[in-house]
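The lines below spell out each chain.
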Amino acid sequence: MSAKTTYKWIGSSPVRPDGVDKVTGRANFGADHSEPGMIYGKVLRSPIAHGRIQSIDLAPALQIPGVLAAMCGDDFPDADAIQGMSSGESPADMRDIARNVMARDKVLYHGHPVAAVAATSPEIAEEALKHIQVTYEALPPVLTLDQAMAQDAPLLHEDQITRGLPEKPTQASNIAAVLTLQRGDLKAGFSQADIIIEETYTTPTAHQGYIEPHAVVARCNEDGRASIWCCTQGPFVVRSLSAQVLGWDIGRLKVTPSEIGGGFGGKTTIYLEPLAVKLAEKSGRPVKMVMSRGDVFRATGPTSASRTHVKLGVNKTGKITAADVKLECEAGAFKGSPMQTACMTALTCYDLENFNITGYDVVVNKPKAAAYRAPGAPLTAFAVESAIDQAAKTLGLDPIDIRLSNAAKEGTVAPYGAKFPPIGLVETLEAAKAHPHYSAPLKPNQGRGIASGFWFNAGMQSSAAININENGTATVITASPDIGGSRASMALMTAETLGVPYADVNAIVADTEAAGYCDVTGGSRTTFATGRAVIMAAEKVIVSLRERAAALWELKPEQVEWRDGQAHPDPEASAGADIKPLSLAELALSAAKTGGPISAKASLTAQGAGGGFGTQICDVEIDPETGKTEIIRYTVIQDAGKAIHRAYVEGQLQGGAVQGIGWALNEEYIYDEKGCMQNASFLDYRMPVALDLPMIDTVIVEVPNPNHPFGVRGVGETPIVPALAAVANAIDSAVHARMTDLPINP
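Novice: So what's going on with the overall build of the chain? Residues and values would help.
Specialist: Secondary structure summary: the chain contains 19 helices and 26 strands in total. Relative to the 2.2 N^0.38 estimate, which gives 27 Å for 746 residues, the radius of gyration of the chain is 27 Å and therefore close to what a compact globule would have. C-alpha atoms of the chain, sized along the principal axes, occupy 90 × 75 × 50 Å. By the burial criterion, 60% of the 746 residues in the chain qualify as buried. Expressed as a percentage of contacts within the chain between residues at least 6 apart in sequence, the contacts between residues at least 24 apart total 79%. Summing over all exposed atoms, the chain offers an accessible surface of approximately 28,200 Å²; the carbon and sulfur share of this is 50%. Charge centroids of the chain, computed over 64 positive and 82 negative side chains, lie 2 Å from each other.

Set out below in structure tokens:
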């Protein structure tokens, strides 16, 4: 397989399998599911950011006509008894997940669930919440990194001991963990530098901003089993986490994923699901729960706020001689910020001999952080790419040239220890420099910024099954929810492998009882990992088809070749015989005579996910009187390895950049001094809309990943990584002032 391989279907942009249902409104999202006899659940959330729960009285709520169930933390097993880590894009302590789903002895953020009710109407359930009596002992809220890391800081968790230090501390701390990555001689590296750039950069708490709020319907059956319908990036993760929080065997739960109206990492964990199951169990009725937009903002995982100090040594040729990066990352109420991945990606675009990277995972009285598109990577990329841009300006170097002179390439050892196979960073930089955008003239008050970024991409576990129908069409079954086009990519890879038309392949997303185990749709893993399972299953189908054709022709299987969707006999073996090729449809029609239905399954833990690199060019125009920033041109250049569905890849590149632009210019959580969120709506939490942006141009670079049959690299997360710095660098170019704190508002 080479970059020049010609494919029939791979790389095209056919009609999306789910498109018609979505534009006509027939697609069922989380809140669309209903069950006979269904009632409605609502959650009582903490009005304070930090406090002890002294008492909860559910009885007054249960007296209201129409209220059929009420619950609090006492209805769940002891959270302290739950051991182990969750799976998913951002693994978390199961004890913390249980306490985040429903508060126990303490509330740790404004919006923390305290109790829940289920009633015959949403209105009755809302009224019932007002009658639940909760007594709190308010504690001082810890809202910033400085407050949390102070010597006399109020502790969120009296049993939290900092992990990762050379000697285990004896005192509890709000610093959950410390990580250090280092190589070479930092002092010697800085001594070789002609200039040193040193600055501190901050990013705010920001939300994924998915349009569809969290929603779930749960039903408990008489046999003790339960069914969950929900919007999720991973039904098996929902099953596992919910079972552990409930204290159930996972075999008692069946999870069916709905269509999903956005996730971006924020739907890789659980919030409502165990509550709905418990309320359904108590009431004997199916229970629907749907978050309000305010609930989504106050009580689901945003990404972390951060502070990054960068010290960069650079010689006059532009070579980086040393880099020292210190990251402090807010985890929210429970440990587990994306500090580790932020550290691992901070300097990965560059081939460096001397560096030190230190990260701190810090708890504060805000919602527990969740994954957000390349978790952590945009935080440190903003800082490092801003510092590199400043170094280029100080030395009078082209910002692309300074990156090219330091760029990671095949053979480079990443700061986290991996040695890169073929990668495409250099190619994206060269494509950026050659792009007409880069040389286009600028007017007064306009500026241009460049930034690069990296995301690992994940492998993890995936399964797939392919069933051949009687007419020769194929059904592909996986449990990877379709967020960015996975149905289309699975169908394309199946069609290409089998040699059949794309229209003859139907890809479906199944529940946890109808499909083999799949990890979450996240980590830019699905096209790579689930795609490999699909290809493996298709190859097994081909083996079966060759065996069946051989039986019909009275040949050996090795004397049959499969190409262009047909079985062909070996010319020498069939010499003198009038044997015509057999199509998939013909073999399917005769399946009963050759062994029965044609199907195959494949499962794997995918290894060799190719790292994703990208470079972005941003032009801005600043109104000198108001400070308003307008994005006037934007180009995203990224190595996709091989674009399977080209239009979907372009959409991922554009979407990631848009989210990064919003984070750079507008988006942030605003809290008052008591820790109550002040902008928990799309009216006040300002995300960019179509009118705020130009058409975003994309350039797809294809340096094949050698560990995938078609060369695939995941593309979903890399495009957000450079965006924050690209915008900041463009603004610096326009106003000649370095902005180090996001968002860069007027």
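Novice: Pulling in residues and values, what's your account of the sheet that holds strand E19 (residues 505–509)?
Specialist: With respect to topology, four strands assemble into an open sheet ordered E19-E18-E17-E23, the strand pairing being mixed. A single partner strand is all that each edge strand has here, and the edge strands are E19 and strand E23 (599–606). Averaged over neighbouring strand pairs, the angle between their axes works out to 20° when direction is ignored. Pairing analysis gives four bridges linking strand E17 (residues 460–468) to strand E18 (residues 474–478), with the strands arranged antiparallel. Of the residues in E18, the one forming a bridge with Ile-468 is Ala-474. Where helix H15 (residues 486–498) meets the sheet, its contacts fall on E17, E18 and E19, and the angle it forms with E19 comes to roughly 140°.

Novice: Any details on the side chain of His-645? Residues and values, ideally.
Specialist: As for its placement among the helices and strands, His-645 is situated in the loop between strand E25 (629–639) and helix H18 (646–665). Not counting the four nearest positions on each side in its chain, His-645 is found in contact with Ser-12, Ser-13, Pro-14, Arg-16, Ala-488 and Leu-492.

Novice: Help me get a handle on the packing of aromatic side chains, residues and values and all.
Specialist: Under the counting rule described, the total for this entry stands at 17 aromatic pairs. Summarising the aromatic geometry, the rings of Tyr-7 and Phe-710 are spaced 5.3 Å apart at their centres and angled 90° between planes, so their arrangement reads as edge-to-face. Residue Tyr-7 is found in the segment before helix H1 (19–24), and its partner Phe-710 is found in the loop between strand E26 (697–701) and helix H19 (723–735); the two are separated by 703 residues along the sequence. When its relative accessible area of 19% is taken as the criterion, Tyr-7 is described as buried. Ring geometry for Trp-455 versus Phe-456: centroids 5.0 Å apart, planes at 70°, classification edge-to-face. Given a relative accessible area of 5%, Trp-455 falls into the buried group. Since its relative accessible area comes to 15%, Phe-456 is described here as buried. The aromatic ring of Phe-190 is capped on one face by Lys-311, whose charged end is 4.5 Å from the ring centroid.

Novice: Quick rundown of the pattern of salt bridges? Include the residues and the values.
Specialist: Scanning the entire structure with this criterion turns up 38 salt bridges. Close ionic contact of Arg-307 with Glu-328 constitutes a salt bridge, the shortest N to O distance being 2.6 Å. Pair noted here: Arg-307 is in strand E13 (residues 306–314) and Glu-328 is in strand E14 (residues 320–332), with a separation of 21 residues, a long-range link. What makes Glu-328 buried here is its relative accessible area of 7%. Of the charged contacts in the structure, one is a salt bridge between Asp-732 and Arg-738, with a shortest N-O distance of 3.2 Å. The class of Asp-732 is buried, set by a relative accessible area of 5%. Taken together, the salt bridges that share partners define one network made up of Asp-18, Lys-22, Glu-259, Asp-482 and Arg-487.

Novice: An account of helix H16 (residues 526–553) is needed here, citing residue identities and associated values.
Specialist: Along its 28 residues, H16 runs 39 Å from first to last C-alpha, staying within 8% of the 40 Å computed at 1.5 Å per residue. Note on H16: the residue one or two positions beyond its end, Glu-554, has a positive phi of about 60°.

Novice: Go over unusual backbone geometry, please, and point to the residues and values.
Specialist: Comment: phi is negative for the bulk of residues other than glycine, and the bulk of peptide bonds are trans. A cis amide bond links Leu-742 to the next residue, Pro-743, at an omega of -5°. Structurally, Pro-743 can be placed in the segment after H19. Phi is positive for Asn-457, which is not a glycine, with a value near 70°. Tracing the backbone shows Asn-457 in the loop between strand E16 (446–455) and E17.

Novice: Explain the sheet that holds strand E4 (residues 106–107) residue by residue, including any values.
Specialist: One open sheet holds the three strands; their spatial order is E4-E2-E6, and the pairing between them is antiparallel. What marks the edges here is a single partner per strand, and that holds for E4 and strand E6 (133–138). Taken together, the six bridges between strand E2 (residues 51–57) and E6 define a ladder with antiparallel strand orientation. For Ser-55, the partnering residue across the bridge sits in E6 and is Thr-135.

Novice: Report on the side chain of Lys-278, specifying residues and quantitative values.
Specialist: Tracing the backbone shows Lys-278 in helix H8 (residues 273–283). Engagement of the side chain of Lys-278 in a polar contact is seen with the side chain of Glu-281, the distance being 3.1 Å. Setting aside residues up to four positions removed in sequence, Lys-278 forms contacts with Met-71, Asp-75, Phe-76 and Leu-246.

Reading guide: rules and limits
- In every chain, residue numbers begin from 1 and rise along the written sequence.
- Confidence filtering applies because this is a predicted model: local features only for residues at pLDDT of at least 70, side-chain atom pairs given and counted only at 80 or more, and all residues used for totals across whole chains, interfaces and linings.
- Hydrogens and water molecules were not included; the side-chain quantities draw on all heavy atoms of the structure.
- A run of DSSP states H or I qualifies as a helix once it reaches four residues; a run of E qualifies as a strand once it reaches two. Both are numbered from the N-terminal end.
- All radius of gyration figures rest on C-alpha atoms, and the globule criterion is 2.2 Å times the number of residues raised to 0.38.
- Residue burial is assigned from relative accessible area. The probe radius is 1.4 Å, only protein chains are included, and a residue is buried under 20% of its type maximum, exposed over 50%, and partly exposed in between.
- In this analysis, two residues are considered to be in contact whenever any of their non-hydrogen atoms come within 4.5 Å of each other.
- Shrake-Rupley sampling with a 1.4 Å probe provides the accessible areas, and residues are treated as covered by the protein chains on show and by no other component.
- For the charge count, each Lys or Arg is scored as positive and each Asp or Glu as negative, with His and the chain ends excluded.
- Think of each charge as sitting on NZ of Lys, CZ of Arg, CG of Asp or CD of Glu.
- Strand pairing follows a simple DSSP-based rule, namely that at least 2 bridges must link the two strands.
- Angular values range over 0 to 180 degrees, each being the angle between N-to-C directions of two axes fitted as lines to C-alpha atoms, with helices fitted over their stretch in contact.
- Note on aromatic contacts: the rings of Phe and Tyr and the six-membered ring of Trp form a pair at centre separations within 6.5 Å, being stacked when their planes are under 30 degrees apart, edge-to-face when over 60 apart, and tilted otherwise.
- Geometrically, a lysine NZ or arginine CZ counts as sitting over a ring once it is within 6 Å of the ring centre and also within 35 degrees of the ring normal.
- We define a salt bridge as a contact between a side-chain nitrogen of Lys or Arg and a carboxyl oxygen of Asp or Glu at a distance within 4 Å.
- To estimate the expected span of a helix, subtract one from its residue number and multiply by 1.5 Å.
- What qualifies as a polar contact is a pair of N or O atoms within 3.5 Å, subject to a donor-acceptor requirement within protein and to the restriction that residues adjacent in sequence count only when both atoms come from side chains.

The values reported here are purely geometric and, on their own, carry no functional implication.
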